[in-house]
Each structure stands twice: as structure tokens, then as C-alpha cells.
Amino acid sequence: MSSEIIDAAISHHSDWPAPGTIIQRMAEIDLPRQSSGTEWWYYNFHLSLVDGRKASAFIAFFRTASYKPTQPPNAAVPGVEVEYSLCHSYLLNFAISILPADFDMDSESQAEDAPEGKYYFTSAMDRDNANFMRSVIEVDGRMDPLIKRSSLEFLSQDKITLPDTWIPGDVIVSSTGNLNLQFGSLASVVHHQNSAGDDVYHIVANAQDGSYGFEIDLIPRKPPIHHGANGVVQGDLISPDDGMYYCFVPRCDVSGSIRIDNSTVEVESEHSMGWYDREFGGGIRSWYQASDKSTESSWKWISAQLANGWDLTVYTLYDADIHNGDMTIRDKRAIFISPEGNRIECDDHTLEQLESWTSMMTLNEYGTKWRLVVPGMGFEVILEAPISTQEFRTICVQRGYWEGRVSVTGTMQGEAVSGLGFVENLPPQFVTKFDKYMKRIGHLTAREVAKIYPDRLFNSKHAAEVLAFQSDAEMATKPLDESYLSPLRFTQDARLDVLYDHYFAPVRHLTDRGGKSWRSFLSIACIAAFNDRPEKFKPLLAAMELLHTGSLIIDDIQDESPMRRGVASVHSLWGTPTAINAGTAAYFAFETAIRKISSGMAPEKIVRLYEIFFETMRAAHAGQALDIAGQQRSDLEDVLAGRVDPSILEKRVLSVHRLKTAVIAGNIAKMSALIADATPAQARALSTHCERVGIAFQIIDDVYDIRGWSHVGNLGGNGHLSNKKEVLKRRGDDIRSGKISIPIAKAASMMPLEEVKWIWDTVLSKPGNDDVITQKVIDKLEAYGVVDACVQEAHQMVEDSWVHLDSHLEDNSAKLNLRALGWYLVKYNSI
């Protein structure tokens, strides 16, 4: 977009520097601007430490302005105009990336070093910031109702989810004199001049527990540079007032110290440098102001400082459709600053993402390696993150963003060039449907499944590795002579294509179709509830999915089901013998996953994981035995004859659900809690909750058999499915096959006995393809409110269970997800 278009579209605020003004010192624009809806003071540093380690850090002080009502809209008196007052709220973000002592930024082996690096971050806000967010969420009609409900449940109790915290103490922002920001006891920046007349910014940051932070003096060494068009960049562009004034200093001297794990280390100033961004503007919003925008802002921003004295900054600002994810570029800039401080803007440039990393905490995908090409400067470099996990998590941007250190290597005007930089990546992440969010875990699960059940077998060595006969390391270190029995003896003469087609392909037939993978989601969410680093446990995603898929294959054989997930069931295509073998073999993927995650794990913990797994398998098979046998006619006759309480049959059905489904969910939680070192009380509470959610899910599963199954599965006001798309299973299959489900069993407690007898006799006769009689059973259950009662029971079960679990978990983002997942599983079905 040209400068002329931007100048015409964006209003110039009265307290901005006049158009064309050249800023000589950042002190001229340090102080806050009353017209600004949003403003920030941002600093980043690349630090060489005296102990030989390398570190990078950034800190951003945010101030937002809004119009706060004297009372919420629902308390307003009709006919009386609500009064508003200007409210300033505050947010602090800072982080430190620390590389291992022997890290070489020019090395090509950065990927191997990455696990040794660490990323520390703090996000803190005042209560007005949280309450403003709550007011906006309350009136947002675009947000998924489950996520909205879960978020408001926390915020309405004056809580925020960790890792966000409250700013301890008062916030002070000077409006006159020199810049002086005091964000409680956590952070501050104070400007003064030293004896040489240099502008000095004294910047302090402290973690809540004091274990990490920094104290840095930053001195600008290049002149301030305007970004955008004459210092103006595009904001959200809801109105012309949403433009932002943007100026920065691309190179600064730094000195001081940094603290990591309660140890303070001095900075080696000669090989360290800093950056200062100042931005302000944007319109002032009102509390409870609903947005009807169908897009959200997304961006990639780069700052880079090169060894040849040049600096550069690049950004691309996107509008992302919140419904389909389509992205259009709103604005893009590339600005080079010469060693002498001259500004060169290049419109023609490309930023290509080469590698990415997906956070297991937020399910956001971020770039970790990029190619930046600016033809006008003869510039082509690779930007690469030495630590992939530089994710900054905060509810202020839905879930989080990525901001961290990158190395820069490539060429400029034909000469080799290198340097350091920062990349900030805010991906689209607004969730309009929790179902859509859950698909992210499905994609991740598919990737992990493909590592254990690959797309093909390349050779006998690969087949032996996939079948876990021996690890790569063992095969590489042991000689393959006559005295050693090589694992290749199992696969070297086998027909690998046949092996694949009859062992792996039947399972991939279903996993490639994809379910919601809620069991996989549950395993990671439960770990994250106690441990903020679940990345190394990704193989559990595959283990849970393959275990479930194997059980579905066997279940379909035993139920004689012709379809699963909208496609032909495995036994319908491969035959029953192959289906039994492939389905059973999938259970052993758990052991393969444990091999991948157990490095450094205590042996007794590994043994306990196996014990829980085998308990799960025994329970599931016991439940399946009861399910195959079905409810006994003698039990039905005892109910009809009044010899036993009508609820007994329902309890018997629930016992099957508990063994087949609920124990699996509960034991997933138990294993995850064990992995994350939760206390015994926490593990019991979480396991109990997940078990009850599993029962509730199975009740709803029975409801969906009555009311229909589809990909959309939205329950309307009357409890029936609406907006159905692809039908995945026939309506009333339990009735057709003679199965006593929860609604059929509950009929005894809610209907006249003669009606109950007719329903039970009809179901036990297995009406099969008789649509008329099947529909008649369904109509009777609906007419007496039996199905509605099942839905209410499932919802109440989840609510009652959460009350017990609540106090055992920290108020973190994983807890919020677990809350939403419970609601999701009793509102939508996952096949």
C-alpha cells in the first residue's frame, strides 16, 4: 500500500509530532499520549554474558485507554443515560531466552542444541485490564460459547489464568518530565542523562518469585527512525482514528546484569546491543462494546542487527478471517538503516516460512525458520530460532504469541552477512467453534500417528524400527555378525508391501479419516494442568489415538457395524481375520510411545504407567464382554414384574459405560498426572472428574444414536441436531441391533410399564432395517422426555464433578481447556 493511501485513510492525532517532523531524540516522544487508545514502550536486547553464555530478552510496557461505564449495561436504569469515564489499564510482557554455554550462533547444529535452551516469561496486568477484557468477551457474539463460558467463569471470580498474573503494587506512569514507568514491583523504566549527555534508559524486570529478570542500562547510538509512512502505520482500521505513530532506535549500547535461576550474571557490554520501539495511537474503545468484525489481526515482525553495522526491521500485517482462516495482507514494510543511520525503505520483499513448531500448550503454530529476500538491497538471509519453544502465553491475545531470538545468516550485496534478531509472530487464533479448535489436536495427533504407523515401509531396517524390534541407536552400535541375532532377521525376507497393507493400512484407514481425538487432547491437557512443558510427551497423542482406533476396529466386528467415521468399517474391507489382528496390534502402540518419552524417567514411574495401562485394557475388555452379552432378559423381566427397582437396568448399562469408556478417560488422567508429578490428591480428583466426564460422554453418545450423528452435531434448543452435514452413522442403530442403551434403560423410570414392555420387546427383537418401527421407538422415548432427561443427567454429572476438582488445580490455561472440554463432550459428540 502506498504512503498516499495510508496518509489519506488515517487521521493525525493532535498530540502526535506534526507530519514531517524529524525526531532527534526518543525523549521527545517518550511520554504518554492522552489521545491514544493503545501505546507501548518496547525494548529488546542481545546479550553476551561474562560466563560465556548468550541471552536475549525483551520487555514491553502497555497502556490502554477505554471508556468505563459507571455500571454494567444489565444494571442500567431505563431512560437514564449511562455515564462513562476514561480508564487507563496496564499490561506487562517480558521474556528471556538463554542459550547453553557452548552454543555457537554460526553453527549448523542448532537443532541439536535447541532442547538445552530455556525461555522464561512473565505476563502481568492490572484488574482494569482484565475487567475490560471480560466486558468485551461478555458481548462478543462471535466467540465459541464454551470457551466464552469458561473464560468468563474465571474472570467473573476476579481470577486470571496462569501464566498471566496480577501486577503487584501500584502502576505509575509519569506524564511530565522524563519517562518514568513503574509497573508495581515487577518492572520499571526510567530515563535520565549521564555526565556525557547521553540518554540512558534504566530498565528493570523481576519475575514474581524473583528467580529471573534483568537490570539494563540502554543508550541509543543511532538516531530515531520513522516506521510506516512518515511514522504512521495501520492499526485495526475500524475507524480512521486507529492509525499508530511508530518510531524506533535500531541500535543501542547496553550494560548491566541478567538473573537466571536465582543467579545474577553481568553483561559483557562490548558484544551486546539493544533496540527501542515506541508506538502510540489507535481509537479509544468503550467497555461492553461488541465487535462484528469477521477478521482478526495477525502479524510477523522482525528486528535484526547485522555484524556489518546495518540494521533492519520488517513486518507484514494481516487480516485473518475468523471463520475460514483466509488471510489478506493489510500492510507490509521493510526498512534498512545504514551504519550512519540513513533510512532505506523497500516495498518489494518476501518472507517465506521454512519450518514451524506447534505449541502443545496453546495449539498455535509458529514459524521457527524463515527466508527473507529483499531484492532492492541484494539481501537474502535465513532467520533461524535456536530455541523453538519461545512462546509467550497470555490471554490478552487469546492464547499467546511467539517472540524470541533468531540468528541471521546470508548475503547482502554479494557479501556474506550475519547477525542477530527478534521475531514476533501473532498467528490467527480466535476460536468461533471449539470443534474447530479441537481439530488442531487432530492434526497434531495425525502427525504423531504417522511416526508410529508411517505412510509406507521403506526397507527392512525401517520396518524393524517401526515395529520396535530395536532402536536406531542399538542397531547402529551392535555388529551384525553371525554371533549376533540382528533384528533385521524379522523383516529382511518379508513382503513389506503385504505387511503394510494388512497391518498398518487397516488402522490408518480410520486414523486418516480423523475423529476429534479428545482422548489425545485430554492426555496433554492433564499434563499441562500440572506441568507447563508437555512437548516431550507428544507421542502419547498417537498412543491414545491408536488404542482407541484398535478398539473401534474390534468393536465394529463384534457389533457387525458396516460403517465407522463415515467410511466402510475395517472388517468390511479387509475381512474379519485381518481386522482382528490389526485392531489388536494397535493396542501395543502404547509401549512404543512409552519408549519415546521415558528417557530420564524413574523406573518405578515407568512401571506404574504400564500397570495403569494394563488395568485400562482389562477394564475395557470386561466392559466389552458385558456389552456383547447385552442386558439379560431376566433383568428386564424383574423390572417389569416389580421385583427390582426400575433404576437397576440403567445402573447395569452405566457399569458397561464405566468399564468401556469412563475408565479409559480416568486412567488417561491418572497417567498424565503421574507423568506431571501431581500430588496423589490431585491425581485422584482429576481421574475421578475425567471418569465422570467419560460416563457423561457415553450417555450423550447414546443420545446421538437416538437423535442422529453428523460432523456438525449442534444441539438445538429442543435438544435435536441442527445444521447437519455429513451423516456418519444411521439413526437408531442401537435400537436396530437390539442393544439396551441408557435411554432405553431409563424408560423404565419414566414411562408406563406397558409402554416400557413394548419398547424393550421391540428392541430385543432387533428391528434392523425397519425404519418405521425404529422411528416409533424413538418417538415414544422423546414423547415421555426420556432423551431430554439423559441430556440433563450428563450435563449435571459434569457440573457436579467439576465442583470437586476445581480446588485441586491451579487456575491456568489448561484448567480452562479442561473445563471447556467437559462441556464440549456433553454438547457435541466425537465419533
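On a predicted model such as this, the values are computed, not experimentally measured, just so you know. (Residues numbered from 1 in each chain as written. Predicted model: local features only at pLDDT ≥ 70, side-chain atom pairs only at ≥ 80, totals over all residues. Heavy atoms only, no water.)

Attention now moves to the overall build of the protein. Within the protein, the secondary structure is distributed over 23 helices and 30 strands. Expected size for 831 residues packed as a compact globule is a radius of gyration near 28 Å; at 30 Å, the protein falls within 12% of this value. Taking the principal axes of its C-alpha atoms as reference, the protein extends roughly 100 × 90 × 50 Å. Sorting the 831 residues of the protein into buried and exposed places 56% on the buried side. Of all intrachain contacts in the protein linking residues separated by at least 6 positions in sequence, the fraction that spans at least 24 positions is 68%. Just so you have it, the protein exposes about 33900 Å², and 51% of that area is on carbon and sulfur atoms. (Helix = DSSP H or I, 4+ residues; strand = E, 2+ residues; numbered from the N terminus. Rg over C-alpha atoms; globule rule 2.2 N^0.38 Å. Buried < 20%, exposed > 50% of the residue type's maximum accessible area, 1.4 Å probe, protein only. Contact = heavy atoms within 4.5 Å. Areas by Shrake-Rupley, 256 points an atom, 1.4 Å probe, with all protein chains shown as cover.)

On to the environment of Arg 399. Tracing the chain through its elements places Arg 399 in the loop between β24 (391-393) and β25 (400-412). Taking the C-alpha atoms as reference, Arg 399 lies 15 Å from Glu 424; in sequence the two are 25 residues apart. Those residues in contact with Arg 399, other than ones at most four positions away along the chain, are Thr 362, Asn 364, Arg 393, Thr 394, Gln 429, Val 431, Tyr 437 and Arg 440. From its side chain, Arg 399 meets the backbone oxygen of Thr 362 in a polar contact 2.9 Å long. (Polar contact = N/O pair within 3.5 Å; in protein donor to acceptor, adjacent residues only side chain to side chain.)

For the structure shown, the criterion picks out 54 salt bridges. In this structure, Lys 68 and Asp 128 form a salt bridge, with 3.3 Å as the shortest nitrogen-oxygen distance. Placement of Lys 68 in strand β2 (residues 54-69) and of Asp 128 in helix α3 (residues 127-138) is noted, with a sequence separation of 60 residues between them. In this structure, the salt-bridge partner of Arg 134 is Glu 138, at a minimum N-O distance of 3.8 Å. You can see Arg 134 and its partner Glu 138 sitting in helix α3, four residues apart, about one turn around the helix. Here the salt bridges share partners, and the residues they tie into one network are Asp 555, Asp 556, Arg 564, Asp 627, Lys 660 and Lys 739. (Salt bridge = Lys/Arg side-chain N within 4 Å of Asp/Glu carboxyl O.)

In this section: empty space enclosed by the protein. Under the defined criterion, the tally for this structure stands at six cavities of 30 Å³ or more. Estimates place the volume of the largest cavity at around 90 Å³. Lining of the largest cavity is provided by Met 360, Met 361, Leu 363, Tyr 437, Ile 441, Phe 521, Ile 524, Ala 525, Ala 528, Ala 814 and Asn 817. Taken together, the elements giving at least two residues each to the lining of the largest cavity come down to α5 (434-452), α9 (518-528) and α23 (813-825). No other element matches the four residues that α9 contributes to the lining of the largest cavity. A domain split of the lining of the largest cavity shows at least three residues from each of domain 2 (291-430) and domain 3 (433-473 + 487-600). (1 Å grid on protein atoms, 1.4 Å probe; cavity = no way out; pocket = protein on both sides within 12 Å on 5 of 7 lines; lining within 4 Å. Points joined across faces, edges and corners; volume = space filled by probe spheres on them. Domains from an automatic or database assignment.)

For helix α8 (residues 496-511), built from 16 residues, the straight-helix expectation of 22 Å at 1.5 Å per residue is met to within 8% by its first-to-last C-alpha distance of 21 Å. Of all the bends in α8, the greatest reaches close to 45° and is centred on Phe 504; the proline Pro 506 follows between one and four positions later. Residues of α8 that are buried include every one of Leu 496, Tyr 500, Tyr 503, Phe 504, Ala 505, Pro 506, Val 507, Arg 508, Leu 510 and Thr 511, and no others. (Expected span 1.5 Å × (residues − 1). Bend = angle between axes of the 7 residues up to and from the residue.)

With that settled, the discussion passes to the packing of aromatic side chains. Under the criterion given, the structure shown has 39 aromatic pairs. Relative to Phe 504, the ring of Tyr 500 lies with its centre 5.6 Å away and its plane at 20°, an arrangement referred to as stacked. Within this pair, Tyr 500 and its partner Phe 504 are both found in helix α8, separated by four residues, close to a single helical turn. Just as Tyr 500 is buried, Phe 504 falls in that class too. Three or more aromatic residues joined by ring pairs make a cluster, and in this case those are Tyr 42, Phe 58, Tyr 119, Phe 121, Tyr 246, Phe 248, Trp 275, Trp 301, Phe 392, Tyr 401 and Phe 422. Above the face of the Trp 166 ring, Arg 127 is positioned so that its terminal group lies 4.0 Å from the ring centre. Here the basic side chain of Lys 780 rests over the ring of Trp 758, its NZ or CZ set 5.4 Å away from the ring centre. (Phe/Tyr/Trp six-rings, centres within 6.5 Å; stacked < 30°, edge-to-face > 60°. Lys NZ or Arg CZ within 6 Å of the ring centre and 35° of its normal.)

Now for the nonpolar core. Within the largest apolar cluster, 155 residues are counted, with the highest numbers of intra-cluster contacts made by Tyr 453 and Leu 781. No other element matches helix α17 (residues 680-707), which puts 12 residues into this core. Counting 49 residues, the second largest nonpolar core, distinct from the first, contains Ile 23, Tyr 43, Ile 59 and Cys 252. (Core = buried A, V, L, I, M, F, W, Y, C linked by side-chain atoms within 4.5 Å.)

What follows concerns the pairing of strand β19 (residues 327-337). Examined bridge by bridge, strand β18 (residues 311-321) and β19 share 10 bridges and lie antiparallel to one another. Residue Thr 316 lies in a different strand from β19, and its bridge partner there is Lys 332. Connecting β18 to the next strand, β19, in antiparallel fashion are five residues, including Gly 325 with a positive phi near 80°. As judged from the three bridges shared by β19 and strand β20 (residues 343-345), these two strands associate in the antiparallel manner. The residue bridging Ile 337 from the neighbouring strand is Arg 343, located in β20. Connecting β19 to the next strand, β20, in antiparallel fashion are five residues, including Gly 341 with a positive phi near 95°. (Pairing = 2+ DSSP bridges.)

With that settled, the discussion passes to helix α16 (residues 647-675). Along α16, the sharpest kink reaches roughly 45°, centred on Arg 658. Directly beyond the C-terminal end of α16, a positive phi value near 60° is found at Asp 677.

Time to look at the state of the cysteines. Here the structure, examined in full by the defined rule, presents zero disulfides. Cys 252 takes part in no disulfide bond, and the closest cysteine sulfur, belonging to Cys 247, lies 11 Å away. With no disulfide of its own, Cys 396 has Cys 87 as its nearest cysteine by sulfur position, at a separation of 14 Å. Under the relative-accessibility criterion, Cys 396 is labelled partly exposed at 24%. (Disulfide = S-S within 2.5 Å.)

Below, the discussion takes up the environment of Leu 31. As for its placement among the helices and strands, Leu 31 is situated in the loop between α1 (3-9) and β1 (38-48). On the basis of relative accessible area, Leu 31 is assigned to the buried category, the value being 18%. For Leu 31 and Trp 758, which are 727 residues apart along the polypeptide, the C-alpha to C-alpha distance reads 80 Å. What Leu 31 contacts, discounting residues up to four positions off in sequence, is Glu 39, Trp 41, Ser 174, Ser 175, Thr 176, Gly 177, Asn 178, Leu 179 and Arg 278.

Low-pLDDT stretches of the model should not have their predicted coordinates read in fine detail. For the protein, mean pLDDT is 89; residues scoring 70 or higher make up 91% of the total. Every residue in residues 1-8 scores below 50 in pLDDT, and together they form 13 contacts with partners more than four places removed in sequence or on other chains. Across residues 105-115 the pLDDT falls below 50, and counting only partners more than four positions away or on other chains, this stretch makes 16 contacts in the model. (pLDDT = per-residue confidence, 0-100.)

With seven of 10 residues buried, strand β22 (residues 365-374) lies mostly within the body of the structure. Bridge count between strand β21 (residues 350-358) and β22: eight bridges; the pairing is antiparallel. Each bridged residue has a counterpart across the sheet, and for Glu 355 the counterpart in β22 is Lys 369. Remark: six residues form the turn of the hairpin made by β21 and β22, two consecutive strands paired antiparallel; Leu 363 in that turn has positive phi of roughly 65°.

This part takes up the side chain of Asn 667. Considering the arrangement of structural elements, one finds Asn 667 in helix α16. Asn 667 gets classed as buried once you look at its relative accessible area, which sits at 4%. In this view, Asn 667 contacts Ile 612, Glu 615, Thr 616 and Ser 687; residues no more than four positions away in its chain are not counted.

Side chains of Tyr 67, Tyr 84 and Leu 86 sit close together on the surface and give an oily, nonpolar patch of about 290 Å² of accessible area. Assessed through its relative accessible area of 34%, Tyr 67 is described here as partly exposed. (Patch = residues over 30% accessible without salt bridge, like charges linked within 9 Å, V, L, I, M, F, W, Y side chains within 5 Å.)

Moving on, we come to the packing of helix α22 (residues 786-806) against α23. Contact pair α22 / α23: the axes reach a minimum separation of 10 Å and the direction vectors enclose 165°. In this view, α22 runs roughly antiparallel relative to α23, as classed from their interaxial angle. Like other packed secondary-structure pairs, α22 and α23 cross with a definite hand, here right-handed. Along its contact with α22, which presents Val 798, Glu 799, Trp 802 and Asp 806, the element α23 presents Lys 815, Leu 818, Arg 819, Gly 822 and Trp 823. Classifying every residue of the contact of α22 with α23 gives four nonpolar, one polar and four charged. (Axes fitted to C-alpha atoms, helices over the stretch in contact; angles between N-to-C directions. Parallel < 35°, antiparallel > 145°, perpendicular 65-115°, else oblique. Left-handed = near helix turned anticlockwise from the far one by under 90°. Nonpolar A, V, L, I, M, F, W, Y, C, P; charged D, E, K, R; others polar.)

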